[in-house]
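The lines below spell out each chain.
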Amino acid sequence: MKYSKLGHSGLNVSRVCLGTMTWGKQNTQRDASEQIEYALANGINFIDTAEMYAVPPSAETYGKTETIIGRWLAANPSRREEFILASKIAGNGLPWIREGGDITGEAVLAAIDNSLKRLKTDYIDLYQLHWPNRTSPHFGKHFPCKVTFTDVDRQAHSNQMLEILQALDESVKAGKIRHFGLSDDTPWGINEYVRLSEKHNLTRVTSIQNEFSLLHAKDWPYLIENCVHEDVAYLPWSPLATGVLTGKYLNGAIPEGSRWSMNARHGFFRDTPQVHAAVQAYVDLAEQHNLTPAQLALGWVDQVDGVTSTIIGATNMDQLKDNMSAFRKPLEMDVIKAIREIFKQFPLPF
C-alpha cells in the first residue's frame, strides 16, 4: 500500500480510503466488520463515513453506518489508532436531519457530539461538510445554466461560513476533531474558507471530496490545481460512477440489490446512452489488457496528478478485493493512452 500526505495535516493516508455508505442498508454489521478487518490487514488506514449514511438516505437509515463502526470500535478499542476516521455533517434538504436546515455553527457542535456517541470514539480525525449551504454544481447540476451563481448572496454565505469555521475551530481546540474538510464544493468554497481562516486565525481546510471518475472528471484541471497549490487533499468519491464503470448495468441490466435497483435521491442522471457507450469502450479495453473494468477505472483515478486518496466502497468481499487490487501497480502507459482516446469521445457523458 502506498500513502500520501493529507493536505497540510501532517497525516499520511493510504491511497485507498474505505467508504462505508452501504453499511446499514446493503451490508450488515458482520459484513462491515469483515471489510474493516480486511482493509486494515492490507494497509488501508483511512475510513470515511457520514451521519447521513446509510444510503439511499432515509430517516430509517440515518446514523446507522456510524453506529456500525461504533460497534466495531467498542469491540476493538485498542485498534482506534490504526486508522484515520473521517465523517461528515449533512447539509440542508433532508427533513429528518435538523428539519432540513442549513449547516450552522450550532448544528456543527451538536452533530459532532452525536457522531462521537454513535462512533464510540473520543475524536474524529477529519470532519467534513457534506455539501455547502448554497447550491453547488454537483449531483447532475454541472452543465451551464443549471446553477445561477449571480443569485447567491456572497456576503451572507461568507458570514455563514465564518460561523461554521468558528465552531469547527472550537471543536479542534476541544480535541473532538483534528481537522476539517469539504465535500461537493467548488474552488470558491475552498478559497473562501482559506481566506477566512487566515483572516481570523482559525483552523484551515484540509481536504475536499468530490465525485470524480472517467465519466465525471469536471474537477480536472481547475479545482484539482487549486487543491495542489493550497495544500488541500483531493479525495475522489464514486470513482466507479455508482458502479456503472464495472459494466454491470450494460445492456439494460439492473442486478438485484445493486445501487440502481434502489430509489435514488437525485434520480438516475448517470443513466444515459453516452454513459453506456463509454462504459462499453472501457470494458472492452480492460478485457484487452487482462484487467477488470474496476481495475481500469480505479487505476486511472489513482494516477491523476493531485489525487490524494480514492474512496472505494463494496457490498461484498469479492468487490472489495477487486477494487483494492487496482492500486497495487500503476496502469501501463499504453493503457493510459488508450483510455485518453476513449475519454476524448466521451468527456462528460452525464
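Predicted model only: the values in this text are computed from it and were never measured.

Calculation notes
- Residues numbered from 1 in each chain as written.
- Predicted model: local features only at pLDDT ≥ 70, side-chain atom pairs only at ≥ 80, totals over all residues.
- Heavy atoms only, no water.
- 1 Å grid on protein atoms, 1.4 Å probe; cavity = no way out; pocket = protein on both sides within 12 Å on 5 of 7 lines; lining within 4 Å.
- Points joined across faces, edges and corners; volume = space filled by probe spheres on them.
- Helix = DSSP H or I, 4+ residues; strand = E, 2+ residues; numbered from the N terminus.
- Nonpolar A, V, L, I, M, F, W, Y, C, P; charged D, E, K, R; others polar.
- Buried < 20%, exposed > 50% of the residue type's maximum accessible area, 1.4 Å probe, protein only.
- Polar contact = N/O pair within 3.5 Å; in protein donor to acceptor, adjacent residues only side chain to side chain.
- Contact = heavy atoms within 4.5 Å.
- Salt bridge = Lys/Arg side-chain N within 4 Å of Asp/Glu carboxyl O.
- Pairing = 2+ DSSP bridges.
- Axes fitted to C-alpha atoms, helices over the stretch in contact; angles between N-to-C directions.
- Core = buried A, V, L, I, M, F, W, Y, C linked by side-chain atoms within 4.5 Å.
- Right-handed = clockwise from strand over helix to strand, strands pointing away.
- Left-handed = near helix turned anticlockwise from the far one by under 90°.

A. Broad picture of the layout of surface pockets. Here the second largest pocket defines a volume of roughly 260 Å³. The wall of the second largest pocket is formed by Phe212, Ala217, Trp220, Trp300, Gln303, Val304, Asp305, Ile336, Ile339, Arg340 and Phe343. Those elements giving two or more residues to the lining of the second largest pocket turn out to be helix H8 (293-303) and helix H10 (333-345). Looking at the lining of the second largest pocket, the element that brings in the most residues is H10, giving four residues. Class assignment for the residues of the lining of the second largest pocket results in eight nonpolar, one polar and two charged.

B. Focus on the side chain of glutamine 128. Along the polypeptide, glutamine 128 turns up in strand S6 (residues 124-129). Under the relative-accessibility criterion, glutamine 128 is labelled buried at 0%. A polar contact of 3.1 Å, which involves the side chain of glutamine 128, links it to the side chain of aspartate 48. Among residues more than four places away in sequence, those in contact with glutamine 128 are Asp48, Ala86, Ser87, Lys88, Ile89, Gly181, Ser207, Gln209 and Leu235.

C. Region of the structure containing the side chain of arginine 15. Inspection of the secondary structure assignment puts arginine 15 in the loop between strand S2 (12-14) and strand S3 (16-19). For arginine 15, the residues in contact, after removing those within four places along its chain, are Met1, Lys2, Tyr3, Ser4, Asp302, Val307, Thr308, Ser309, Thr310 and Phe327.

D. A look at the pattern of salt bridges. What the rule picks out here adds up to 18 salt bridges. In this structure, glutamate 82 engages arginine 79 in a salt bridge whose closest nitrogen and oxygen atoms are separated by 2.9 Å. Three or more residues joined by partner-sharing salt bridges are found here, namely Glu51, Glu66, Arg98 and Arg118.

E. Region of interest: the sheet that holds strand S7 (residues 177-183). Within the open sheet, the eight strands sit side by side as S9-S8-S7-S6-S5-S4-S3-S10. Their pairing is parallel. Each having just a single partner strand, strand S9 (233-237) and strand S10 (310-312) make up the two edges of the open sheet. The mean inter-strand angle of the sheet, taken between neighbouring strand axes irrespective of direction, is 30°.

F. Representation of the nonpolar core. Formed by 89 residues in total, the largest nonpolar core has its most connected members in Leu215, Leu245, Tyr282, Trp300 and Ile339. Tallying contributions element by element places helix H7 (residues 273-288) first for this core, with seven residues. Ignoring anything within four residues of it in the chain, the contact list for tyrosine 282 reads Leu214, Leu215, Leu245, Leu296, Ile339, Ile342 and Phe343. Within the second largest apolar cluster, twelve residues are counted, among which are Leu6, Leu11, Ala86 and Ala233.

G. Structural detail: the pairing of S7. Buried residues dominate S7, accounting for six of its seven residues. Bridge count for S6 against S7 is five bridges, and the pairing is parallel. Bridge pairing in S7 places isoleucine 124 opposite isoleucine 177. Following the backbone out of S6, through helix H4 (residues 154-173) and into the adjacent parallel S7, one traces a crossover that is right-handed.

H. Representation of empty space enclosed by the protein in the model. Summed over all chains, the structure comprises one cavity of 30 Å³ or more. Considered as a void within the structure, the largest cavity measures approximately 80 Å³ in volume. Top element by residues in the lining of the largest cavity is H4. It accounts for four residues.

I. Region of interest: the packing of helix H1 (residues 29-41) against helix H2 (residues 64-75). Look at H1 against H2: their axes get within 10 Å of each other, and the N-to-C directions meet at 65°. Where H1 crosses over H2, the two elements pack in a sense that is right-handed. Across the interface between the two elements, Gln29, Ala32, Ser33, Ile36, Glu37 and Leu40 from H1 touch Ile68, Arg71 and Trp72 from H2. Taken together, the residues of the contact of H1 with H2 break down into five nonpolar, two polar and two charged.

J. Spatial organisation of unusual backbone geometry. In this chain, tyrosine 53 is followed by alanine 54 through a cis amide linkage whose omega measures 20°. Residue proline 56 is bonded to the preceding valine 55 through a cis peptide linkage, with omega at -5°. Residue placement: proline 56 occurs in the loop between strand S4 (46-48) and H2. Even without glycine at this site, serine 238 takes up a positive phi of about 50°. Within the fold, serine 238 resides in the loop between S9 and H7. A residue is classified by how much of its surface remains accessible, and serine 238, at 13% relative accessible area, is buried. The backbone phi angle of threonine 242 is positive, close to 55°, even though this residue is not glycine. Here threonine 242 lies in the loop between S9 and H7. For threonine 242, a relative accessible area of 8% gives the class buried.

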